[in-house]
Amino acid sequence: MDTFGLSDPYVIVKLGDQEEKTPVVDKNLNPRWAYDFSFGVANSDQIVLFSVYDYDAGPGSHDFMGQVSVPVKDLLNGTASSSWYDLEDLNGGKSQGRINLQFEYIPKGEEGASAQPEGTGRKVVEAIKEINTVKNYYTGTINQLKKDVNDMFTGIRSIFETDYYEFCRPDDIGKLNICVLEGKELPKMDLIGSSDPYVVLELGKQTEKTAVVKNSLEPKMDSGFHFWCFKCRGIPRFDCLR
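All of these numbers come straight from a predicted model, not from anything done at the bench. (Residues numbered from 1 in each chain as written. Predicted model: local features only at pLDDT ≥ 70, side-chain atom pairs only at ≥ 80, totals over all residues. Heavy atoms only, no water.)

**Considering the overall build of the chain**
Phase 1 of the analysis: Along the chain, the regular secondary structure elements total 1 helix and 11 strands.
Phase 2 of the analysis: When the elements of the chain are put in sequence order from the N terminus, they spell out β-β-β-β-β-β-α-β-β-β-β-β.
Phase 3 of the analysis: Within the span of the chain, comprising 242 residues, buried residues form 26% of the whole.
Phase 4 of the analysis: Taking the intrachain contacts of the chain between residues at least 6 apart in sequence as the baseline, contacts between residues at least 24 apart amount to 51%.
Phase 5 of the analysis: Summed over its atoms, the accessible surface of the chain is roughly 17,500 Å², and 52% of this surface lies on carbon and sulfur atoms. (Helix = DSSP H or I, 4+ residues; strand = E, 2+ residues; numbered from the N terminus. Buried < 20%, exposed > 50% of the residue type's maximum accessible area, 1.4 Å probe, protein only. Contact = heavy atoms within 4.5 Å. Areas by Shrake-Rupley, 256 points an atom, 1.4 Å probe, with all protein chains shown as cover.)

Below you can see the structure in the form of structure tokens.
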């Protein structure tokens, strides 16, 4: 929520390993998304999870507003219907707000089954495999480029750091070295009982962030940072996010 008492909400929808996201609705406490998604259902014991967040352009600062969990077994009547659901906090308690959801369950083989030519299923599987191959290639390439840029930035900063702080920040009283080592007993934040934690460090206007550790409640980060202190009263802030 911003200083005007408004929010920029969006919803992340998860079913198993499938995930989709609505667009962000700017500055609105009564957002209307009217956004459709389709998910494959593996079994009736699955849960559809809707997580509502307040978008913020700052680093790691998307605020959790509440969530709704809907068992798939409650949706198997096949009738398209909409209902209002109260948002809950991470502990199952009631949170502020509601969202309106509509569901329609279609058993496998009923949707357009007669119109499918022979061999369509195999072609779809092959197409999805090719798409995933391309996706994984570009994801790996992008991640490597990010790492190269970060390494280059770190190298440049280490070379010119002394001169920078001597001539550009002459009023600093000293440098504070911080190492984020590891975490233990972190809360479970997703449906499989795990989390993807990272830490945002702030001191004054200086901000740094560790890498994300996937699927871990005891992450080992071993990330070193240094901040320059302008006043003795400065307080470092550590936000552990997922």
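What follows continues from the structure just given.
**A few points about the environment of L75**
Phase 1 of the analysis: Within the fold, L75 resides in the loop between strand 4 (63–71) and strand 5 (81–88).
Phase 2 of the analysis: With relative accessibility at 15%, the residue L75 sits in the buried group.
Phase 3 of the analysis: Spatially, the C-alpha atom of L75 lies 8.9 Å from that of S44, the residues being 31 residues apart in sequence.

**Examining the layout of surface pockets**
Phase 1 of the analysis: Here the largest pocket defines a volume of roughly 2,100 Å³.
Phase 2 of the analysis: For the lining of the largest pocket, the secondary structure elements donating two or more residues are strand 1 (9–15), strand 3 (47–54), strand 5 and strand 6 (94–103).
Phase 3 of the analysis: The element that contributes the greatest number of residues to the lining of the largest pocket is strand 6, accounting for 9 residues.
Phase 4 of the analysis: In terms of residue class, the lining of the largest pocket is made up of 30 nonpolar, 14 polar and 6 charged. (1 Å grid on protein atoms, 1.4 Å probe; cavity = no way out; pocket = protein on both sides within 12 Å on 5 of 7 lines; lining within 4 Å. Points joined across faces, edges and corners; volume = space filled by probe spheres on them. Nonpolar A, V, L, I, M, F, W, Y, C, P; charged D, E, K, R; others polar.)

**Observations regarding the pattern of salt bridges**
Phase 1 of the analysis: One pass over the structure, following the stated rule, counts 2 salt bridges.
Phase 2 of the analysis: K14 serves as the salt-bridge partner of E19, at 3.7 Å between the closest nitrogen and oxygen.
Phase 3 of the analysis: Take E19: its relative accessible area is 48%, and that puts it in the partly exposed class.
Phase 4 of the analysis: In this structure, E182 engages K220 in a salt bridge whose closest nitrogen and oxygen atoms are separated by 2.9 Å. Here the residue E182 occupies a position in strand 7 (residues 174–182), and K220 occupies one in strand 10 (residues 220–229), the gap between them amounting to 38 residues.
Phase 5 of the analysis: Overall, E182 belongs to the partly exposed group, its relative accessible area being 45%. (Salt bridge = Lys/Arg side-chain N within 4 Å of Asp/Glu carboxyl O.)

**Notes on the pairing of strand 5**
Phase 1 of the analysis: The pairing of strand 5 with strand 6 spans 7 bridges and is classified as antiparallel. Its bridge partner being in strand 6, E88 is matched across the sheet by K94.
Phase 2 of the analysis: Between strand 5 and strand 6, which pair antiparallel in sequence order, lie 5 residues; one of them, G92, sits at a positive phi of approximately 90°. (Pairing = 2+ DSSP bridges.)

**Comments concerning the environment of Y10**
Phase 1 of the analysis: Considering the arrangement of structural elements, one finds Y10 in strand 1.
Phase 2 of the analysis: In the structure, Y10 is positioned 41 residues away from S51 in sequence and 8.4 Å away in space, judged by C-alpha atoms.

**As for a nonpolar patch on the surface**
Phase 1 of the analysis: A contiguous nonpolar patch, built from V149, M152, I156, I159 and F160 and spanning about 530 Å² of accessible area, is present on the exposed surface.
Phase 2 of the analysis: Checked against the element boundaries, I159 lands in helix 1 (residues 120–167). (Patch = residues over 30% accessible without salt bridge, like charges linked within 9 Å, V, L, I, M, F, W, Y side chains within 5 Å.)

**Some thoughts on unusual backbone geometry**
Phase 1 of the analysis: Positive phi, normally seen in glycine, also occurs at A34, with a value near 50°.
Phase 2 of the analysis: By the secondary structure assignment, A34 is in the loop between strand 2 (18–21) and strand 3.

**Re the side chain of D8**
Phase 1 of the analysis: Relative to the assigned elements, D8 resides in the segment before strand 1.
Phase 2 of the analysis: Comment: no salt bridge for buried D8; closest opposite-charge side chain is K27, at 4.9 Å.
Phase 3 of the analysis: Polar contacts involving the side chain of D8 include one to the main-chain amide nitrogen of K27, which spans 2.6 Å.
Phase 4 of the analysis: With residues up to four places along the chain from it excluded, the contact list for D8 reads V24, V25, D26, K27, Y53, D54 and Y55. (Lys, Arg positive; Asp, Glu negative; His and termini not counted. Polar contact = N/O pair within 3.5 Å; in protein donor to acceptor, adjacent residues only side chain to side chain.)

**Some words on the pairing of strand 3**
Each regular strand shows side chains that alternate between the opposite faces of the sheet.
Phase 1 of the analysis: Of all 8 residues that make up strand 3, 7 are buried, and the element is covered over most of its length.
Phase 2 of the analysis: Note that strand 1 and strand 3 share 7 bridges and pair antiparallel. Bridging across to strand 3, V13 finds its partner in F50.
Phase 3 of the analysis: As defined by bridge partners, strand 3 adjoins strand 4 across 8 bridges and the pair is classed as antiparallel.

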